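The residues making up each chain are set out below.
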Amino acid sequence: MSLKEQILADMKTAMREKNASQLESIRMLRAAIQRKEVDDQVELNDDEVVAILQKQIKQSQDAVSQFKQGERMDLAEKEQTHINNLQVYLPEQLGDDEISEAIEKAIAATGAESMRDMGKVMGLLKGELQGKADMGKVSGLIKSKLQG
């Protein structure tokens, strides 16, 4: 079953169970997927759906921090619930050790020695880790290894 089919099945289940927060999250996700498909006139594969998922989660994480700064805990909680509802569709996330190992291999493969080589390393890792790790965190780890 493709990721889009799974999302549709979960939407139907949320409707039957009258799970309003999950239903809202799934509808927002489906709308983003459909918008992308219509704009690009393509059928998205699972990797592209994961990219949309990550974008939605990142936007919600930014919103949570904004709401917390504004002391709007009710809205921050709602966004956090949205994040939790969407994270179930992401592939299993890699652990810190696995990420570090992948970074070491990429640095060795590209011959990276300084920050100027960061783009090469990120380019190599993006395809391998996309959807399986927070790329912002990966970027920070690469920087620390290339500077140290």
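Up top you'll find the structure we're talking about.
Residues numbered from 1 in each chain as written. Predicted model: local features only at pLDDT ≥ 70, side-chain atom pairs only at ≥ 80, totals over all residues. Heavy atoms only, no water.

## Quick notes on the nonpolar core
Basically, it comes down to this: Take the buried residues of types Ala, Val, Leu, Ile, Met, Phe, Trp, Tyr and Cys, join any two whose side-chain atoms come within 4.5 Å, and each joined set is a nonpolar core. Whether a residue is buried, partly exposed or exposed follows from its accessible area with a 1.4 Å probe, protein chains only, as a fraction of its type maximum: under 20%, in between, or over 50%, in that order. Where helices and strands are cited, they refer to DSSP runs of H or I of at least four residues and of E of at least two residues respectively, numbered from the N terminus. When checking whether two residues touch, look at their non-hydrogen atoms; a contact exists if any pair is within 4.5 Å.
By size, the foremost hydrophobic cluster in this structure holds 21 residues, and its most contacted members are Leu 3, Ile 7, Leu 29, Ile 33, Leu 53 and Tyr 89. At the level of secondary structure, the elements contributing two or more residues to this core comprise helix H1 (3–17), helix H2 (20–40), helix H3 (46–69) and helix H4 (73–87). Here the element with the most residues in this core is H3; it accounts for six residues. Leave out the neighbours within four places in its chain, and Tyr 89 touches Leu 3, Gln 6, Ile 7, Asp 10, Ile 26, Leu 29 and Leu 53. Membership of the second largest hydrophobic core comes to 16 residues, among which are Met 118, Val 121, Ala 133 and Met 135.

## With respect to a negative patch on the surface
Condition: Patch membership is restricted to residues that have no salt bridge and whose relative accessible area is over 30%. Joining uses 9 Å for like charges and 5 Å for the nonpolar side chains Val, Leu, Ile, Met, Phe, Trp and Tyr. Accessibility throughout is a Shrake-Rupley quantity obtained with a 1.4 Å probe, and a residue counts as covered only by protein chains that appear here. Salt bridges are defined as contacts in which a side-chain nitrogen from Lys or Arg sits within 4 Å of a carboxyl oxygen from Asp or Glu. Counted as positive: Lys and Arg. Counted as negative: Asp and Glu. His and the chain ends are not counted at all. All charge positions are set by atom: Lys at NZ, Arg at CZ, Asp at CG, Glu at CD.
Together, Glu 5, Asp 46, Asp 47 and Glu 48 make up a negatively charged patch on the protein surface. With three residues, H3 is the largest single contributor of residues to the negative patch.

## Some words on the pattern of salt bridges
Here the structure, examined in full by the defined rule, presents 10 salt bridges. For Glu 43, the salt bridge goes to Lys 4, with nearest N and O atoms at 2.5 Å. Here Lys 4 lies in helix H1 and Glu 43 lies in the loop between H2 and H3, a separation of 39 residues in the sequence. Residue Lys 105 pairs with Glu 101 through a salt bridge whose shortest N-O separation is 3.5 Å. Of this pair, Lys 105 and Glu 101 both sit in helix H5 (residues 96–110), separated by four residues, roughly a single helical turn. Of the residues examined, Lys 105 reaches a relative accessible area of 56% and is grouped as exposed. What emerges from the salt-bridge pattern is a single network uniting Lys 4, Glu 37 and Glu 43.

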